[in-house]
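# Notes for the structure review
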Amino acid sequence: MLKILGRITSSNVQKVVWICEELSVPFERTDIGGPFGGNDKPDYLALNPNARVPTIDDDGFVLWESNACTRYIAEKHGQGTQLWPADLQDRASADRWMDWTATTLAPAHGPVFVGLIRTPEDKRNPDAIAKGRDAYSKAVAVLDWWLADHEFLSGELFAYGDIPAAPFVYRWFNLPIERENYPNVKRWYDAIAARPAFKKNVIDIGLQ
């Protein structure tokens, strides 16, 4: 059985659990990282020297980097479903948005999320949070631009390329920050939020 190593409060772990549940892939998950620790232990570092989560173990095949894990599971178990598009260009678009999430959206959201949720109030840096909010908004605006002419990030159907961005957009709509009106992102997010596996593994977990 597929093993997922990582705490469910991590957005990166949420991606992997979510794709598994979308595709009805059985898995076992172990709480590692954050308050659970364990990611700095020799046995974990032997699997993932980055000391980050998640790491997956698929019958002895070990893989880390959450987007790589998501893509691997989608390709292995999603052939013939909308989660793994048959069209090469739809898959290229999915990969584009996965990379963009890692390079642009996630780093932009980081100072805001960490500053407001994981930093005690008396130790917060309001200037860094405000600057981060502006970068976060700029990234969400890019999503809004794309979604003006496309139903989803992968194409016209929900697929694996939508998964990495969605937890960060959940945080955009739920963090105590000022938000511009991005109607296309809201339409996309509402469609994502209606998916039971997203609700269970992102919305119901909340901001932690």
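## Remarks on the packing of aromatic side chains
Scanning the model with the defined rule gives 12 aromatic pairs in all. Between Phe-152 and Phe-158 the ring centres are 6.2 Å apart and the planes differ by 75 degrees, which places this aromatic pair in the edge-to-face class. Connected via pairs of aromatic rings, a cluster forms that spans Trp-18, Phe-152, Phe-158, Phe-173, Tyr-189 and Phe-198.

## Remarks on unusual backbone geometry
Omega for the bond connecting Val-53 with Pro-54 falls within 30 degrees of zero, at 5 degrees, which places this linkage in the cis form. Position of Pro-54 among the secondary structure elements: in the loop between α2 (42–45) and β3 (55–58). Even without glycine at this site, Asp-59 takes up a positive phi of about 55 degrees. Relative to the helices and strands, Asp-59 is located in the loop between β3 and β4 (61–64). Taking the relative accessible area as the measure of exposure, Asp-59 reaches 74% and is therefore exposed. Positive phi values are uncommon outside glycine, yet Glu-65 reaches one of about 80 degrees.

## A word on the layout of surface pockets
If you add up the space inside the largest pocket, you get close to 630 Å³. Lining the largest pocket we find 29 residues, and of these Ser-10, Ser-11, Asn-12, Arg-52 and Val-53 sit closest to its centre. Among the secondary structure elements, those contributing two or more residues to the lining of the largest pocket are α1 (11–22), α3 (66–77), α4 (88–117) and α6 (166–174). Considering every element that reaches the lining of the largest pocket, the biggest residue donor is α4, with seven residues.

## A short note on the pairing of β3
Neither face of β3 is exposed, since Thr-55 and Asp-57 on one face and Ile-56 and Asp-58 on the opposite face are all buried. Where strand β1 (residues 2–5) lies against β3, three bridges are found, and the strand directions are antiparallel. Each bridged residue has a counterpart across the sheet, and for Ile-4 the counterpart in β3 is Ile-56. Bridge analysis of β3 against β4 gives four bridges, and the strand direction is antiparallel. Across the sheet, Asp-57 pairs through a bridge with Val-62, a residue of β4. Where β3 hands over to β4, the hairpin turn is made up of two residues, of which Asp-59 adopts a positive phi near 55 degrees.

## What about the nonpolar core?
Ile-73, Leu-105, Leu-143 and Trp-188 are the most contacted members of the largest nonpolar core, which totals 59 residues. For this core, the elements supplying multiple residues, two or more each, are β1, α1, α3, α4, α5 (126–147), α6, α7 (183–193) and α8 (196–203). Tallying contributions element by element places α4 first for this core, with nine residues. Look past the residues within four positions of Trp-188 in its chain and what remains in contact with it is Leu-147, Glu-151, Phe-152, Leu-153, Asp-162, Ala-165, Ala-166 and Val-169.

## As for the environment of Phe-36
Tracing the backbone through its elements, the reader meets Phe-36 in the loop between β2 (27–30) and α2. For the pair Phe-36 and Trp-97, spaced 61 residues apart in the sequence, the C-alpha separation amounts to 31 Å. Excluding residues within four positions of it along the chain, Phe-36 makes contact with Arg-7 and Asp-31.

## Structural notes on the pattern of salt bridges
Opposite charge on two side chains permits them to pair, given that their charged atoms come into close proximity. Summed over the entire model, instances satisfying the criterion amount to 10 salt bridges. Linking Glu-151 and Arg-187 is a salt bridge whose minimum nitrogen-to-oxygen distance equals 3.6 Å. With Glu-151 in the loop between α5 and α6 and Arg-187 in helix α7, this pair connects stretches of sequence that are 36 residues apart. Owing to a relative accessible area of 29%, Arg-187 belongs among the partly exposed residues under this scheme. Lys-186 is the salt-bridge partner of Asp-190, the closest N and O atoms lying 2.9 Å from each other.

Basis of the calculations
- Residues numbered from 1 in each chain as written.
- Predicted model: local features only at pLDDT ≥ 70, side-chain atom pairs only at ≥ 80, totals over all residues.
- Heavy atoms only, no water.
- Phe/Tyr/Trp six-rings, centres within 6.5 Å; stacked < 30°, edge-to-face > 60°.
- Helix = DSSP H or I, 4+ residues; strand = E, 2+ residues; numbered from the N terminus.
- Buried < 20%, exposed > 50% of the residue type's maximum accessible area, 1.4 Å probe, protein only.
- 1 Å grid on protein atoms, 1.4 Å probe; cavity = no way out; pocket = protein on both sides within 12 Å on 5 of 7 lines; lining within 4 Å.
- Points joined across faces, edges and corners; volume = space filled by probe spheres on them.
- Pairing = 2+ DSSP bridges.
- Core = buried A, V, L, I, M, F, W, Y, C linked by side-chain atoms within 4.5 Å.
- Contact = heavy atoms within 4.5 Å.
- Salt bridge = Lys/Arg side-chain N within 4 Å of Asp/Glu carboxyl O.

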